[in-house]
There are 2 protein chains.
Amino acid sequence: MIHQLAQEIKKKNAPIVVGLDPKLSFIPEVLLQKSYTAYGETLEGAADAIFRFNRAIMDAVADLVPAVKPQIAMYEQFGIPGLMAFKKTVDYAHSKGLLVIGDVKRGDIGSTSESYAIAHLGKIKVGSQEFEPFAEDFATVNPYLGTDGVKPFVDVCKENGKGIFVLVKTSNPSSGELQDRLVDGKPLYEHVADKVNDWGRDCMDGDYSEVGAVIGATYPQIGRQLREDMPKAFILVPGYGAQGGTGKDLVPFFNADGLGAIVNSSRGIIAAYQKEEYKNFGAENFADASRQAVLDMQADIQSALDHALNE
Amino acid sequence: MIHQLAQEIKKKNAPIVVGLDPKLSFIPEVLLQKSYTAYGETLEGAADAIFRFNRAIMDAVADLVPAVKPQIAMYEQFGIPGLMAFKKTVDYAHSKGLLVIGDVKRGDIGSTSESYAIAHLGKIKVGSQEFEPFAEDFATVNPYLGTDGVKPFVDVCKENGKGIFVLVKTSNPSSGELQDRLVDGKPLYEHVADKVNDWGRDCMDGDYSEVGAVIGATYPQIGRQLREDMPKAFILVPGYGAQGGTGKDLVPFFNADGLGAIVNSSRGIIAAYQKEEYKNFGAENFADASRQAVLDMQADIQSALDHALNE
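The structure contained in this document is the topic of the report that follows. (Residues numbered from 1 in each chain as written. Chains lettered and ligands numbered in written order. Predicted model: local features only at pLDDT ≥ 70, side-chain atom pairs only at ≥ 80, totals over all residues. Heavy atoms only, no water.)

### Thoughts on the packing of helix α3 (residues 43-61) of chain B against helix α5 (residues 79-95) of chain B
Two measures define how a pair of helices packs: the angle their axes make with one another and the distance between the axes. Residues and elements named next belong to chain B. Put simply, the rule reads: Note on method: axes are straight lines fitted to C-alpha atoms, helices fitted across the in-contact stretch only, with angles between N-to-C directions ranging 0 to 180 degrees. The helix count covers DSSP runs of H or I at least four residues long, the strand count covers runs of E at least two residues long, and both are numbered beginning at the N terminus. Oblique is the label for every angle not falling under 35 degrees (roughly parallel), over 145 degrees (roughly antiparallel), or within 65 to 115 degrees (roughly perpendicular). Take the far helix as your reference; a near helix turned counterclockwise from it by less than a right angle gives a left-handed crossing, and one turned clockwise gives a right-handed crossing. In this description, contact between two residues means that some pair of their heavy atoms is separated by no more than 4.5 Å. In the scheme used here, Gly and all other residues not listed as nonpolar or charged are polar, with Ala, Val, Leu, Ile, Met, Phe, Trp, Tyr, Cys and Pro taken as nonpolar and Asp, Glu, Lys and Arg as charged.
The N-to-C vectors of α3 and α5 enclose an angle of 20°; their axes lie 8 Å apart at closest approach. Between α3 and α5, the angle is such that the two are roughly parallel. Crossing handedness for the pair α3 and α5: right-handed. When α3 is examined against α5, the residues Leu43, Glu44, Ala47, Phe51, Asn54, Arg55, Met58 and Asp59 are found in contact with a partner set consisting of Pro81, Gly82, Ala85, Lys88, Thr89, Tyr92 and Ala93. Its residues placed into classes, the contact of α3 with α5 shows eight nonpolar, three polar and four charged.

Okay, structure coming up:
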């Protein structure tokens, strides 16, 4: 699957994934009221608005980007109807030719991780039948429980041609509390990076491994080091835009071929119309504002990469 | 909420939580076929069987134990119908007077953790209405992202009178890969334990904090140390039974008052009828076998605690 992602990135010239992390406050009032009129001020109403919001954005950006990354927490908070909107979002993305990175950050002891892996990337048997429960293409995985918590994901990836991104160094301010602590003279995240190499060694798919890594755009120096440490791992880079990362910060995450990283932006794209620079679009054209934000992000990254190449 | 859990443990004299982690292979064929006849060999059929299996077990043990701990991965793998069975299980547990520990092991950057906390322990606003999406009483939380990934859970607990158990030292064989690594002369899990103390300091509820810890029964020596390090944290102890922990191994997790810990058993109870020692119950009486397994576990723990007291 990682080869397909790399191909799509090249084809669209956009190492960009749109984070579909909708909050009700991002959704234009008119769209929200339409759903409330149909379903009431209920979880179903919220879920309907979220899906229609996502769909409009996917319609507007599907030709520009290779993938979307729905953050499942944003759906889980609306209970079952919210998770139904998550599933509909995954399916709709596929229907538009978009790959889906399920940002689920699951991880547990072995037998339980296997169930999570099946839920998001695999197939479950019921009697003589088989089903794909959520059917994302990639999932994010938390490594805190060690190899036996991650290995079941790797096995399911191998069986189903899917991929994972393991949390190595997250984008948030307090990520260093555990991840940066020195163990045998090097930060814990470098030990996790070593594990990512181990876990990914025997599931190569083209130039990269199905086992990638998450490293926050907010830590470009660490990104540079980890890019070298994990030459075969594709890096999923959150933290661009709203969290503070800029185009220049992204350069260290890429390989010389301009590949090897995919940058996420969520609020910066899906709620672009609420930002000063895109407010001329108006709330009713929120999806057009999202499209423009993707084009601007693409130009920002391209210019940073070009500039780095010429230095 | 932790005070209520402690009270229920005292009242029922059982520091035991039943892990509702159903696999289809645990469910008696007759029960399974009944669901397949009604819903086909579908996710709905599997989910129906799972809920009816859980319900029968809860009916059989509700007077004996204070709480159940559904592992959400086991439901998530059956997609939306599976998660509906999870929700029905939570609601049914409450109707039987059982507390619910949602074993969800969520954790993310701040704003996302807030959504997970709302999903499992809080309330979500939709227009002028408020809903409790999954409405567990406790949730398990992964600390790998540091304070800003855990704090939103603590805040939601304070607002709603709920509790969490933070993964400190997990029961699985490879938990040591990261958790045992030495940082400034002590294992990483002790640093996490320090954080648990910090996070829990201002949300006491009776003698214990709403912020508890997960420590595997498979590591009793570590349990002894951590019990001392976190005097106010209730400890959720997985790994008894099927994973290898015995009654004697549990003693270090308890305080002198016989409180401070609650021990989980999943397969050992819910699939008891499949074990040699309970097979005389027969598959049709699986819930009675579960009841007997709880009584035997209670006796095992009590005898180990009594023995320790007399030493």
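### Side note on the nonpolar core
What counts is decided by this rule: Nonpolar cores are built from buried Ala, Val, Leu, Ile, Met, Phe, Trp, Tyr and Cys residues. Side-chain atoms within 4.5 Å join them into one set. Type-normalised accessible area, obtained with a 1.4 Å probe on protein chains alone, sets the label of each residue: buried when under 20%, exposed when over 50%, and partly exposed for intermediate values.
In terms of nonpolar packing, the biggest core is built from 234 residues, with Ile164 of chain A together with Ile164 of chain B touching the most fellow members. Contact partners of Ile164 of chain B, with chain neighbours within four places excluded, come to Leu121, Phe138, Ala139, Val141, Val150, Phe153, Val154, Cys157, Glu210, Val211 and Gly212 of chain B.

### Quick word on the environment of Leu20 of chain A
Here Leu20 of chain A shows up in strand β1 (residues 16-20). Apart from the residues lying within four places of it in its own chain, the contact partners of Leu20 of chain A are Asn54, Ile57, Met58, Val68, Lys69, Pro70, Gln71, Tyr75, Thr89 and Ile270 of chain A.

### Some remarks on the interface of chain A and chain B
Keep this limit in mind: When a carboxyl oxygen of Asp or Glu is within 4 Å of a side-chain nitrogen of Lys or Arg, the pair counts as a salt bridge. Definition of a polar contact: a pair of N or O atoms within 3.5 Å, with one able to donate and the other able to accept a hydrogen when the atoms are protein atoms, and with sequence-neighbouring residues admitted only if both atoms are side-chain atoms.
On the chain B side, the residues contacting the 70 residues of chain A number 70 residues. Remark: the boundary between chain A and chain B carries eight salt bridges. A salt bridge links Glu76 of chain A to Arg106 of chain B; the nearest nitrogen and oxygen atoms lie 3.0 Å apart. For the pair chain A and chain B, the interface holds 35 residue pairs in polar contact (both at pLDDT 80 or more). When residues of the side of chain A that touches chain B are assigned to their parent elements, the largest contribution, seven residues, is made by helix α6 (residues 110-121) of chain A. Residues belonging to the side of chain A that touches chain B are distributed by class as follows: 33 nonpolar, 24 polar and 13 charged.

### Some remarks on the pattern of salt bridges
For the coordinates displayed, the defined rule picks out 42 salt bridges over all chains. One salt bridge connects Lys105 of chain B with Asp103 of chain B, and the closest N-O pair in it is separated by 2.9 Å. Residue Lys105 of chain B is classed as buried on the basis of its relative accessible area, which comes to 9%. Residue classification places Asp103 of chain B among the buried positions, given a relative accessible area of 5%. If you follow the salt bridges from partner to partner, you end up with Lys69, Asp103 and Lys105 of chain A together with Asp108 of chain B in one network.

### Focus: the relation of the copies chain A and chain B
For clarity, the threshold we go by: In superposing the copies, a least-squares fit is computed on C-alpha atoms, taking residues whose pLDDT is at least 70 in both.
Screw-axis analysis of chain A against chain B gives a translation of 0.0 Å along the axis, an RMSD of 0.0 Å, and a rotation angle of 180°. In the structure described here, the two chain copies are related by an operation that fits a two-fold rotation axis. By C-alpha distance to the rotation axis, the residue of chain A lying nearest is Val183 of chain A, at 2.8 Å. The residues that chain A uses at the interface reappear at the interface of chain B in 100% of cases, marking a shared surface.

### Let's talk about the sheet that holds strand β2 (residues 67-70) of chain B
Residue and element names in this part refer to chain B. Threshold: Think of it this way: DSSP has to see at least two bridges between two strands before they count as a pair.
Strand order in this closed barrel of eight strands is β1-β2-β3-β6-β7-β12-β13-β14, and the pairing throughout is parallel. The mean angle between the axes of side-by-side strands here comes to 30°, regardless of whether they run parallel or antiparallel. For strand β7 (residues 163-169) and strand β12 (residues 211-215), the ladder comprises five bridges, and the chain directions are parallel. Its bridge partner being in β12, Val166 is matched across the sheet by Ala213. Contacting β3 (99-106), β6 (138-141), β7 and β12, helix α7 (residues 147-160) runs over the sheet at an angle of about 150° to β7.

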